[in-house]
Amino acid sequence: MLKPLLNFSLPDMFNEYRETHPEVTVLDPPGAIEHLLNRQSMLQEVSKLDLADCHGKVGVPKQLFVNTDPSSIPAAVTRAGLSLPLVAKPLVAKSHELSLAYDQNSLTKLEPPLVLQEFVNHGGVLFKVYIVGDAIRVVRRFSLPNVDAGDLSNNAGVFRFPRVSCAAATAEDADLDPHVAELPPRPLLEILARELRRRLGLRLFNIDMIREHGTRDRFYVIDMNYFPGYGKMPGYEHVFTDFLLSLDQKEYKRRLGYTSGEG
Ligand SMILES: O=P(O)(O)O[C@H]1[C@H](O)[C@@H](OP(=O)(O)O)[C@H](OP(=O)(O)O)[C@@H](OP(=O)(O)O)[C@H]1O
Ligand SMILES: Nc1ncnc2c1ncn2[C@@H]1O[C@H](COP(=O)(O)OP(=O)(O)O)[C@@H](O)[C@H]1O
Ligand SMILES: [Mg+2]
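The paragraphs below set out a description of the structure included in this document. (Residues numbered from 1 in each chain as written. Chains lettered and ligands numbered in written order. Predicted model: local features only at pLDDT ≥ 70, side-chain atom pairs only at ≥ 80, totals over all residues. Heavy atoms only, no water.)

Next up on the list: the overall build of the chain. Within the chain one finds nine helices and ten strands. Referenced to the eigenvectors of the C-alpha coordinate spread, the extents of the chain come out at roughly 75 × 45 × 35 Å. Here the chain holds 263 residues, and the buried ones make up 43% of them. In the chain, the share of contacts with a sequence separation of at least 24, taken over all contacts with a separation of at least 6, comes to 71%. As displayed, the chain offers around 14600 Å² of accessible surface, 53% of which is attributable to carbon and sulfur atoms. Considering the chain, the positive charge centre built from 30 side chains and the negative charge centre built from 33 side chains are found 1 Å apart. (Helix = DSSP H or I, 4+ residues; strand = E, 2+ residues; numbered from the N terminus. Buried < 20%, exposed > 50% of the residue type's maximum accessible area, 1.4 Å probe, protein only. Contact = heavy atoms within 4.5 Å. Areas by Shrake-Rupley, 256 points an atom, 1.4 Å probe, with all protein chains shown as cover. Lys, Arg positive; Asp, Glu negative; His and termini not counted. Charge placed at Lys NZ, Arg CZ, Asp CG, Glu CD.)

Turning next to the sheet that holds strand 8 (residues 158-161). On the basis of which strands lie adjacent, the open sheet formed by five strands has the order 2-5-3-4-8 and antiparallel pairing. At either margin of the open sheet sits one strand with a lone partner, and together these are strand 2 (63-66) and strand 8. Going from strand to strand, the sheet's axes swing by 25° on average, the running direction of each strand aside. Across the sheet, helix 5 (residues 73-80) is in contact with strand 2, strand 3 (86-90) and strand 5 (114-118); its angle to strand 2 comes to roughly 145°. (Pairing = 2+ DSSP bridges. Axes fitted to C-alpha atoms, helices over the stretch in contact; angles between N-to-C directions.)

A separate point is the coordination of the magnesium ion (ligand 3). Taken together, the protein ligands of the magnesium ion (ligand 3) are Asp208 (OD) and Asp223 (OD), with distances of 2.0 to 2.2 Å. Taken as a pair, Asp208 in strand 9 (residues 204-211) and Asp223 in strand 10 (residues 218-226) lie far apart in primary sequence, 15 residues in all. Neither residue differs from the other here; Asp208 and Asp223 are each classed as buried. (Donors = N, O, S within 2.8 Å, 3.2 Å for Na, K, Ca; no water.)

The biggest cluster of nonpolar side chains holds 45 residues, and the ones touching the most others in it are Val58, Leu196, Leu204, Phe205, Ile207, Met209 and Met224. Within the residue set of this core, elements represented by two or more residues are helix 2 (30-34), strand 6 (125-132), strand 7 (135-142), helix 8 (186-200), strand 9, strand 10 and helix 9 (236-262). Counting residues in hydrophobic clusters, the runner-up holds 13 residues, among them Leu64, Leu82, Leu86 and Leu110. (Core = buried A, V, L, I, M, F, W, Y, C linked by side-chain atoms within 4.5 Å.)

So, about the site of ligand 1. Residues in close proximity to ligand 1 include Lys94, His96, Lys128, Arg141, Arg163, Cys166, Ala167, Asn206, Asp208, Asn225, Gly229 and Lys232, which together make up its full environment. The side chain of Arg141 places a nitrogen or oxygen atom 3.0 Å from an oxygen atom of ligand 1. Lys232 places a side-chain nitrogen or oxygen 2.6 Å from an oxygen atom of ligand 1. The protein chains hide 69% of the 560 Å² of surface that ligand 1 would expose on its own. Looking at the shell around ligand 1 residue by residue, the classes come out as two nonpolar, four polar and six charged. (Near = heavy atom within 4 Å. Polar contact = N/O pair within 3.5 Å; in protein donor to acceptor, adjacent residues only side chain to side chain. Nonpolar A, V, L, I, M, F, W, Y, C, P; charged D, E, K, R; others polar.)

Around ligand 2 sit 21 residues, and of these Lys89, His96, Ser143, Ser165 and Asp223 come closest. Within the contact set of ligand 2, an oxygen atom lies 2.6 Å away from a side-chain nitrogen or oxygen of Lys89. When ligand 2 sits alone it has 540 Å² of accessible area, and the protein chains cover 95% of it. Elements represented by at least two residues in the shell around ligand 2 include exactly strand 3, strand 5, strand 9 and strand 10. Each residue belonging to the shell around ligand 2 can be placed in one class, and the counts come to eleven nonpolar, five polar and five charged.

Put into structure tokens, the structure is as follows:
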């Protein structure tokens, strides 16, 4: 319902509508959605999480927001202690013009504003975790391959890459190393989704998650999207029907409580 509104920045109009139509259920408020539209703020809440003892660890790759002259990027990267290679991501999350920078000099060719994120080797598989209220669904997609020390010393420059983990890159039926393919543990996803729903104040989003190669339980969140293409989520018809029905029940109870409170 709110997806079309994302193209507008009309908080006054939204607030006015909300005041004049209290009977309308707001799934997710525009202010909260905005957090996910900018790569500088997108992962802030994930980085604050401390999921000790939750069947694994979830973090964010070391990253740096850059909005300076490109010539000063190498020094800023050194100061921040970031290791190469780095993924350069445009600040506005709607743009998918990503690149991989292999060496310090090439960083001066980048075009700020952007976020530089350490590349984390993850065996070329990414987990897309869809959240719809209390429901969670995960799919596997192919991703960028590992970068080893040899690749680093033999490559220089900035390599632009297209949408590597798009729907066509499904890895569900691929013959993968089980250590790489194993889905993140369910209890970890449940606590992660619950915490993010609460902290962000959102119910409809997805998370791009990778497992650090060579580990069983060290995960990184690299991207989040508000109201992603749910048509690609397995079983979306039932998940959405249940979600909408649960809203209806909550609203009914709220109104009932309201009425009996009044009486
Ligand atoms: O962020 P915006 O600019 O809205 O673009 C979205 C995201 O890139 C989605 O990727 P993600 O899932 O990482 O959010 C992608 O889905 P897939 O990667 O599943 O293909 C959407 O494809 P369409 O749903 O086909 O439009 C694309 O329109
Ligand atoms: N920090 C990272 N380490 C390893 N791979 C990454 C990293 N960031 C992005 N990628 C790869 O690049 C792809 C696109 O990055 P992402 O941040 O998800 O941008 P988009 O908004 O285009 O989906 C990911 O699906 C993953 O394959
Ligand atoms: Mg993504």
